[in-house]
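Structure at a glance
Letter by letter, the chains look like this.
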Amino acid sequence: MLQNKKFLTIALVISLAINLFIVGVAGFYGAKFRGMGRDGNWIESRMEYAENRFMRHLDDEDKAVARATFDKHKPALRRAFRDHRQARRDIVSAFNQETPEPSELTAALNKSQAATQLANENLHSILRELASGLSPEARQEFASRVRDHHPHLKDD
């Protein structure tokens, strides 16, 4: 009988620990996700994360080139993402009206398209500048990582 109590106690403690872990992780990411909508800086934090993730694989000389390239294009990317977020709000606002005004909706869609185009142009400019400014080894490492994360790009 005593051995069963020990087993049940251990099972209960393990189950409690697992449940607390799951509830804690769900709560943390739920709060983080909810904060994204209210916090306008989440885009900047994602850009910073992507930049740091890219930079950690470079040597000092290539890091300097990449840092200069990213710093050059960050303001335009921020503006594009901010404009796109505002355009999305305008689109929702136009659709929520009792009788949607076509000119407002068209203006909001045009603003969204312009912001998306600005973001695409800057992202492609970053890639072009990195392709021409990084060392051959860094470019090969980057290509290898892209192929590893996107299997459909691998050579047949």
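All residue numbers here refer to positions counted from 1 along the written sequence of the relevant chain. pLDDT decides what is reported in this predicted model: residues at 70 or higher carry local features, side-chain atom pairs at 80 or more are listed and counted, and totals for whole chains, interfaces and linings draw on all residues regardless. With hydrogens and water set aside, each side-chain value is computed from the structure's full complement of heavy atoms.

**Side note on the pattern of salt bridges**
- Think of a salt bridge as a Lys or Arg side-chain nitrogen and an Asp or Glu carboxyl oxygen that are within 4 Å of each other. Here the structure, examined in full by the defined rule, presents seven salt bridges.
- Measuring nitrogen to oxygen at the nearest pair gives 3.0 Å for the salt bridge that ties Glu-51 to Lys-74. Of this pair, Glu-51 sits in helix 2 (residues 42–55) while Lys-74 sits in helix 3 (residues 60–96), and the two are 23 residues apart along the sequence. Neither residue differs from the other here; Glu-51 and Lys-74 are each classed as buried.
- Here Asp-71 makes a salt bridge to Lys-74, at a shortest N to O gap of 3.8 Å. Of this pair, Asp-71 and Lys-74 both sit in helix 3, three residues apart, which is roughly one turn of that helix.
- Throughout, exposure labels follow a simple rule: accessible area from a 1.4 Å probe, protein chains only, divided by the maximum for the residue type, with under 20% read as buried, over 50% as exposed, and the rest as partly exposed. On the accessibility criterion, Lys-74 (11% relative accessible area) is buried. Think of it this way: any DSSP run of H or I at least four residues long counts as a helix, any run of E at least two long counts as a strand, and we number them from the N terminus.

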